[in-house]
Amino acid sequence: MTVTYTARVANARFCGFSKLLLVWRGSIYKVLYKEFLAFFAMYTAISVTYRFFLFDEQKRYFEKLAIYCNHYASLIPMSFVLGFYVTLVVNRWWSQYTCIPLPDRLMCVLSGGLQGGDERGRLLRRTLMRYASLSALLILRSVSTAVFKRFPTMDHVVEAGFMTREERKKFESLHSPYNKYWIPCVWFTNLTAVARCEGRIKDDNTLKLLLEELNAFRGKCSMLFHYDMISVPLVYTQVVTLAVYSFFLVCLIGRQFLDPGQGYPGHDLDLYVPIFTLLQFFFYAGWLKVAEQLINPFGEDDDDFESNWLIDRNFQVSMMAVDEMYGDLPMMERDRYWNDSNPRPPYTAATLFVLRKPSFQGSTFDMAIPKEEMHFQPLENIDENQEESVTHHPNMALFNRLLSAAPSPTGFMGGALRRTSAQLQRLRHYPSIDPATSDDEDGGGNIGTGGSLPSGLGQDTQSTICSFRGGDISAHTPLLDIQFGPVEERRGDAASNEGEAMRKDGEDRGMRGIELEITEEGDTDGGGEVQSQTRPLPSPLRPSRGVERPRPQQRTPRPASATLSSTLNPSNLPRPGTAHSTQDLFRSQPINDQSRAAPSTPQLTIGVAKMSFLTVPTFGVTQRLRSVSMGSELTGS
């Protein structure tokens, strides 16, 4: 029977496992002592031969061999191989135990679901329960050596009372090349259908519950059969066994004590008994023996499952539950706490200390919070604070999103280019403008009044600059010190007044607003420096109320050598009062030397709402320039 020592280790105490070391039944000593004695005998024989029967020349050769074996024996991964193997075997061992079919749930459903106190009802319940026990017996007989020795033939099963002679004839008449443990389960289902037709089972829900429990019972029988058929892969077992045995065969030579007079490193002491080598053998070989004992728990080892005991217990309990205990109820009476709203069972003197412990209420039950933090706050004030933080800088949200999406300047520009990839693909179908390098080659990397390009961005072929309303920003101004002013879009008369003010102000200082400009890769000189060129474009025309927006005129495609040019004089630009197309803002002329041609920077003073622009270069073909704004597009022709 299985060795049980749970009561001995119920409480942790000093040297709690020490008493278990003296137990012989099921111990490692009983399992390993033969291998241990054989290893020690072989070690002793080799040691005696080395010390007394070898000549000096032979001793020197043996000593070199021993040093060699001891040096390379550590290359065998003993702990790694054994650890994984034993873990696999232990998990498989416990899974097999949980798959042993137990009739407890089935007998409870059968006792309450199949009605009838007469002989017919009793016969139905006992027969159904016997069929379930017969199925479990047949599968255990197939996987357990102890059960097979108890029931070697079907005649023994009939004599034990699990099967009648008529049932045996029916069982043997059903020819199948496979294991027929499932046949009693089919008899069970057929008999429950008969009981349902007779009215012994009152409704279909009870029948469904009864069949579900039977299927769970049969499923465990099937799992036992598959565990017996599918073993741990043989190669895994062979690898572990070879690793352990080869390691200790090498240790028989490598762990020998050599002559201290030869001066070998690590051989200063000469002992006859290799204590630590024997301990190592005890641990590793014992570990392998654990796996050997648990890999098939349905054998006859001391710690194997008590299959015969389980058969006896299950058969006796199930028959009592469906027959003797059917309808047998004790008389109901009031319990001793009938009028007590707080029943408390008594304690003995040995367990009185439990009453002194406070009841657990939760891990945060005793947590203290300052009184000033315990007052509820009005939700209206919280919402107003959130609105103020959002509307204080309306442009900050967009700018923070741009910064948070850019872990590096190159990554930021890559994200911006990806967001405008759809517009860039469409740009190939429009007339293009060839950009040219700046006349000032030395200052190609400087960026107007919006701030100079940072040194980190100046090394990339693409960069981003943001210029903000409210004055010029120095190149060394920290980003957090920039003040963002609210941008309000006015309509109606407010738009007309703002347009007039913008026209007057534009003659002196040009257009103000929030512009997002992307510079493209400029020409590189002989030294390899990258010169970037910034091309701010004007916002599209947006006439005030009452002014009709003209339709854009059809333009013919311009040659690829055409370049963007316009005058900086605001008088040459159309007034907001007149209707003009966005294409009237530019004129193009052919150029001969594209490397020296540079587009001038138009400054618009138009009384329209301020817009944000994105100027993006394209690659792969002749460079084109396109302006993408919120809700409008501007193409040069």
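All residue numbers here refer to positions counted from 1 along the written sequence of the relevant chain. For this predicted model, a pLDDT threshold of at least 70 governs which residues receive local features, and a threshold of 80 or more governs which side-chain atom pairs are given and counted, while totals over whole chains, interfaces and linings are taken from all residues. Heavy atoms from the whole structure form the basis of all side-chain values; hydrogens and water molecules are not counted.

1. Observations concerning the overall build of the chain
Helix and strand assignments come from DSSP, with helices taken as H or I runs of at least 4 residues and strands as E runs of at least 2, each series counted from the N terminus. Helix and strand counts for the chain come out as 19 helices and 7 strands. Taking all 637 residues of the chain together, 36% fall into the buried category. Once local pairs closer than 6 in sequence are excluded, the contacts in the chain between residues at least 24 apart make up 74%. Accessible area of the chain: about 40000 Å², with a carbon and sulfur share of 57%. Only protein chains enter the accessibility calculation, which uses a 1.4 Å probe. A residue is then buried if its area is under 20% of the maximum for its type, exposed if over 50%, and partly exposed in between. Here, residues are in contact when the closest pair of their heavy atoms is within 4.5 Å. To be clear on the numbers: accessible area is Shrake-Rupley with a 1.4 Å probe, and residue cover counts the displayed protein chains and nothing else.

2. Observations concerning the side chain of Q96
You can see Q96 is positioned in helix α3 (residues 78-98). What Q96 contacts, discounting residues up to four positions off in sequence, is L224, Y227, I295, P297, F298 and F305.

3. What to know about the nonpolar core
The term nonpolar core refers to a set of buried residues drawn from Ala, Val, Leu, Ile, Met, Phe, Trp, Tyr and Cys, joined through side-chain atoms within 4.5 Å. In this structure, L140 and V157 are the most contacted members of the largest nonpolar core, which totals 48 residues. For this core, the elements supplying multiple residues, two or more each, are α4 (104-113), α5 (119-143), α7 (154-159), α9 (183-198), α10 (204-229) and α13 (307-324). Tallying contributions element by element places α5 first for this core, with 12 residues. Among residues more than four places away in sequence, those in contact with L140 are V147, L224, F298 and I311. Grouped together as the second largest cluster of nonpolar side chains are 25 residues, Y43, Y284, L288 and A291 included.

4. A word on unusual backbone geometry
Its identity is not glycine, yet C15 carries a phi of approximately 55°, on the positive side. Mapped onto the elements of the fold, C15 is located in the segment before α1 (28-52). Judged by its relative accessible area of 44%, C15 falls in the partly exposed class.

5. Examining helix α12 (residues 275-294)
Under the convention used throughout, the expected extent of a helix is 1.5 Å for every residue step, that is, one less than its residue count. Compared with an ideal rise of 1.5 Å per residue, which puts 20 residues at 28 Å, α12 spans 29 Å between its outermost C-alpha atoms and is within 8% of the ideal. T277, L278, F281, Y284, A285, G286, L288, K289, A291, Q293 and L294 are the residues of α12 that are buried. In this structure, the buried side of α12 is in contact with α1, α3 and α11 (234-254).

6. Thoughts on a nonpolar patch on the surface
For patches, a residue must show more than 30% relative accessible area and have no salt bridge; joins then use 9 Å for like charges and 5 Å for nonpolar side chains, namely Val, Leu, Ile, Met, Phe, Trp and Tyr. Each salt bridge in this description consists of a side-chain nitrogen of Lys or Arg and a carboxyl oxygen of Asp or Glu lying within 4 Å of one another. Taken together, the side chains of L21, L22, W24, Y29, Y33 and L37 present a nonpolar region at the surface, about 680 Å² in accessible area. Looking at the secondary structure, you find L21 in the segment before α1. In this structure L21 comes out as exposed when scored by relative accessible area, which is 52%.

7. Here we look at the confidence of the model for the chain
Per-residue confidence from the prediction method is given by pLDDT, with values spanning 0 to 100. Averaged over all residues, the pLDDT of the chain equals 74, while 59% of them reach at least 70. Under a pLDDT of 50 for its full length, residues 429-476 has, in the predicted model, 111 contacts with residues more than four places off or in other chains. Below pLDDT 50 for its whole length, residues 510-637 participates in 277 contacts with residues either more than four positions away or in separate chains.

8. Considering the pattern of salt bridges
Taken as a whole and assessed by the stated rule, the structure comprises 18 salt bridges. Salt-bridge contacts for D270 lead to R51; the nearest nitrogen and oxygen are separated by 2.7 Å. Note that D270 is positioned in the loop between α11 and α12 and R51 in helix α1, a separation of 219 residues in sequence. Assessed through its relative accessible area of 30%, D270 is described here as partly exposed. Here R122 makes a salt bridge to D323, at a shortest N to O gap of 2.8 Å. Here the residue R122 occupies a position in helix α5, and D323 occupies one in helix α13, the gap between them amounting to 201 residues. Given a relative accessible area of 43%, R122 falls into the partly exposed group. On the accessibility criterion, D323 (15% relative accessible area) is buried.

9. Describing the packing of α4 against α13
Remark: α4 packs on α13, axes separated minimally by 9 Å, with the N-to-C direction vectors making an angle of 15°. Overall, the two elements α4 and α13 adopt an arrangement that is roughly parallel. Pair α4 / α13 crosses with right-handed handedness. Residues D104, M107, L110 and S111 of α4 pack against R313, V317, S318, A321 and V322 of α13. Throughout, the ten residues Ala, Val, Leu, Ile, Met, Phe, Trp, Tyr, Cys and Pro are labelled nonpolar, Asp, Glu, Lys and Arg are labelled charged, and all others, Gly among them, are labelled polar. Looking at the contact of α4 with α13 residue by residue, the classes come out as 5 nonpolar, 2 polar and 2 charged. Each axis is a line fitted through C-alpha atoms, taken for helices only over the stretch in contact, and angles between the N-to-C directions span 0 to 180 degrees. Convention used here: angles under 35 degrees read as roughly parallel, angles over 145 as roughly antiparallel, angles from 65 to 115 as roughly perpendicular, and any remaining angle as oblique. What makes a crossing left-handed is the near helix being turned counterclockwise from the far one by less than a right angle; a clockwise turn instead makes it right-handed.

10. As for α10
End to end, α10 covers 37 Å across 26 residues, agreeing with the expected 38 Å (1.5 Å per residue, within 8%). Residues of α10 that are buried include every one of L207, L210, E213, L214, F217, C221, S222, L224 and Y227, and no others. Contacts made by the buried residues of α10 are with α3, α4, α5 and α9. Pairing of N or O atoms within 3.5 Å defines a polar contact, subject to two protein rules: one partner must be a possible hydrogen donor and the other a possible acceptor, and residues neighboring in sequence count only if both atoms are side-chain atoms. A side-chain oxygen of the first residue of α10 lies 3.4 Å from the backbone nitrogen of N205; this N-cap is D203.

11. As for the side chain of E167
Summarising the element assignment, E167 is placed in helix α8 (residues 165-173). There is a polar contact of 3.1 Å between the side chain of E167 and the side chain of Y131. The contact partners of E167, leaving out residues within four places of it in the chain, are R130, Y131, F162 and W187.

12. Here we look at the packing of aromatic side chains
Each pair of aromatic rings taken from Phe, Tyr and Trp, with Trp reduced to its six-membered ring, is defined by centres within 6.5 Å and is described as stacked if the planes are under 30 degrees apart, edge-to-face if over 60, and tilted in the remaining cases. According to the stated counting rule, one finds 24 aromatic pairs in the structure shown. Centroid distance F80 to F84: 5.0 Å. Interplanar angle 65°. Geometry classified as edge-to-face. With F80 and F84 both in helix α3 and 4 residues apart, the pair spans about one turn of that helix. Grouping residues by exposure puts F80 and F84 together as exposed. With a centroid separation of 5.4 Å and an interplanar angle of 25°, the aromatic rings of W94 and Y97 are classed as stacked. You can see W94 and its partner Y97 sitting in helix α3, 3 residues apart, about one turn around the helix. Among the residues examined, W94 registers a relative accessible area of 48% and is labelled partly exposed. Feature note: the residues Y29, F36, F39, F247, F248, F281, F282, F283 and Y284 constitute an aromatic cluster, connected by ring pairs. Whether a charge sits over a ring comes down to the Lys NZ or Arg CZ being within 6 Å of the ring centre and within 35 degrees of the ring normal. Lying over the aromatic face of Y326, R125 brings its terminal NZ or CZ to 3.5 Å of the ring centre. Residue placement shows K180 over the ring face of F171; its charged tip is 4.6 Å from the ring centre.

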